[in-house]
Amino acid sequence: DQQVKQNSPSLSVQEGRISILNCDYTNSMFDYFLWYKKYPAEGPTFLISISSIKDKNEDGRFTVFLNKSAKHLSLHIVPSQPGDSAVYFCAAKDTNAGKSTFGDGTTLTVKP
Amino acid sequence: KAGVTQTPRYLIKTRGQQVTLSCSPISGHRSVSWYQQTPGQGLQFLFEYFSETQRNKGNFPGRFSGRQFSNSRSEMNVSTLELGDSALYLCASGRGGELNEQFFGPGTRLTVL
């Protein structure tokens, strides 16, 4: 039973446009969510997070939206740049249990 | 500040052998987590250690084990290797708080022949 799902394995957008990466979860105990970015041959790096008490968190070009009723979160990148091309992982955490559960990742390609 | 380091970076083993992977966390971090990444499977959580104690464990067989030393360095051991154990093994360190992000190492690429 996969508790965190990223249903789009890949996404391709034009430079300067918006990239929207989606993530769905099933466990209502998850109360903290994170996005990580991974380049080839490197480990994932933390991008942005959001607590379940918020519905939006913004950091520069990156904004994460959380819809708790739908158990859905999304990462918006505006404007997208070729350097954003990477695999993006969504992670969800039950802060009482401690461990993070990751999705399978979405490969974003930003075309110049 | 030095990042998370993992050794070795690449490893080739044969079925039935055992392997030990090492992870050195960022200085001051007391939490170390291990993940397995295979194509199409995302990051599967193996276990987490905090202050030398296993704090969380994923759904992996007992062939997968780990430990953490007093300097927070951690090792992961896989015994009786199977072909399906071929994967990228990632180590992540953190301060250990509920809202802290994790910092990942570059991973160890294990190939089982």
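What comes next concerns the included structure. (Residues numbered from 1 in each chain as written. Chains lettered and ligands numbered in written order. Predicted model: local features only at pLDDT ≥ 70, side-chain atom pairs only at ≥ 80, totals over all residues. Heavy atoms only, no water.)

1. A few points about the pattern of salt bridges
Residues and elements named next belong to chain A.
- For the structure on display, the rule yields six salt bridges over all chains.
- Notably, a salt bridge pairs Arg61 with Asp84, separated by 2.8 Å at the nearest N-O pair. Pair noted here: Arg61 is in the loop between β6 (56-59) and β7 (62-67) and Asp84 is in the loop between β8 (72-77) and β9 (86-93), with a separation of 23 residues, a long-range link.
- Assessed through its relative accessible area of 22%, Arg61 is described here as partly exposed. (Salt bridge = Lys/Arg side-chain N within 4 Å of Asp/Glu carboxyl O. Helix = DSSP H or I, 4+ residues; strand = E, 2+ residues; numbered from the N terminus. Buried < 20%, exposed > 50% of the residue type's maximum accessible area, 1.4 Å probe, protein only.)

2. Some details on the interface of chain B and chain A
- Across the contact, 22 residues belong to chain B and 19 residues belong to chain A.
- Our count for the chain B to chain A interface comes out at zero salt bridges.
- Here chain B is connected to chain A by two residue pairs in polar contact (both at pLDDT 80 or more).
- Contributing elements (two or more residues each) for the side of chain B that touches chain A: β4 (31-38), β5 (42-50), β6 (53-57) and β9 (87-94) of chain B.
- Examining the composition of the side of chain B that touches chain A, we find that three residues originate from one element, β5(B), more than from any other. (Contact = heavy atoms within 4.5 Å. Polar contact = N/O pair within 3.5 Å; in protein donor to acceptor, adjacent residues only side chain to side chain.)

3. Description of the packing of aromatic side chains
- Per the counting criterion, the structure on display carries eleven aromatic pairs over all chains.
- Between B:Tyr35 and B:Phe45, the ring centres sit 5.7 Å apart and the planes meet at 65°, which makes this aromatic pair edge-to-face. Placement of B:Tyr35 in strand β4 and of B:Phe45 in strand β5 is noted, with a sequence separation of ten residues between them. Like B:Phe45, B:Tyr35 is buried.
- An aromatic cluster is present here, built from A:Tyr36, A:Phe46, A:Phe102, B:Tyr35, B:Phe45 and B:Phe104 joined pairwise through their rings.
- Over the face of the ring belonging to B:Phe50 we find B:Arg55, whose NZ or CZ atom lies 4.4 Å from the ring centre. (Phe/Tyr/Trp six-rings, centres within 6.5 Å; stacked < 30°, edge-to-face > 60°. Lys NZ or Arg CZ within 6 Å of the ring centre and 35° of its normal.)

4. A short note on the nonpolar core
- The biggest cluster of nonpolar side chains holds 23 residues, and the ones touching the most others in it are A:Phe33, A:Trp35, A:Leu73, A:Leu75 and A:Tyr88.
- Among the secondary structure elements, those contributing two or more residues to this core are β3 (19-25), β4 (32-38), β5 (45-51), β7, β8, β9 and β11 (106-111) of chain A.
- Once you skip the residues sitting within four places of it in the chain, A:Tyr88 turns out to touch A:Gln6, A:Leu21, A:Trp35, A:Tyr36, A:Lys37, A:Leu47, A:Leu75, A:Ile77, A:Gly105, A:Thr106 and A:Leu108.
- Counting 21 residues, the second largest nonpolar core, distinct from the first, contains B:Leu11, B:Ala87, B:Tyr89 and B:Val112. (Core = buried A, V, L, I, M, F, W, Y, C linked by side-chain atoms within 4.5 Å.)

5. Quick look at the sheet that holds β8(A)
Residues and elements named next belong to chain A.
- Read from one edge to the other, the open sheet built from five strands follows the order β1-β3-β8-β7-β6, with strand pairing classed as antiparallel. Edge positions in the open sheet fall to β1 (4-5) and β6, since each of these has one partner strand only.
- Two strands pair when backbone bridges link them, and β6 and β7 are joined in this way by four bridges, in the antiparallel orientation. Within β7, the position partnered with Lys56 by the bridge is Phe65. (Pairing = 2+ DSSP bridges.)

6. A look at the side chain of A:Gln6
Residues and elements named next belong to chain A.
- Considering the arrangement of structural elements, one finds Gln6 in the loop between β1 and β2 (10-14).
- On the basis of relative accessible area, Gln6 is assigned to the buried category, the value being 7%.
- Here Tyr88 takes part through its backbone oxygen, which lies 2.9 Å from a polar atom of the side chain of Gln6.
- For Gln6, the side chain forms a polar contact with the main-chain nitrogen of Gly105, separated by 3.0 Å.
- Setting aside chain neighbours within four positions, we find Gln6 in contact with Asn22, Cys23, Trp35, Tyr88, Phe89, Cys90, Gly103, Asp104, Gly105 and Thr106.

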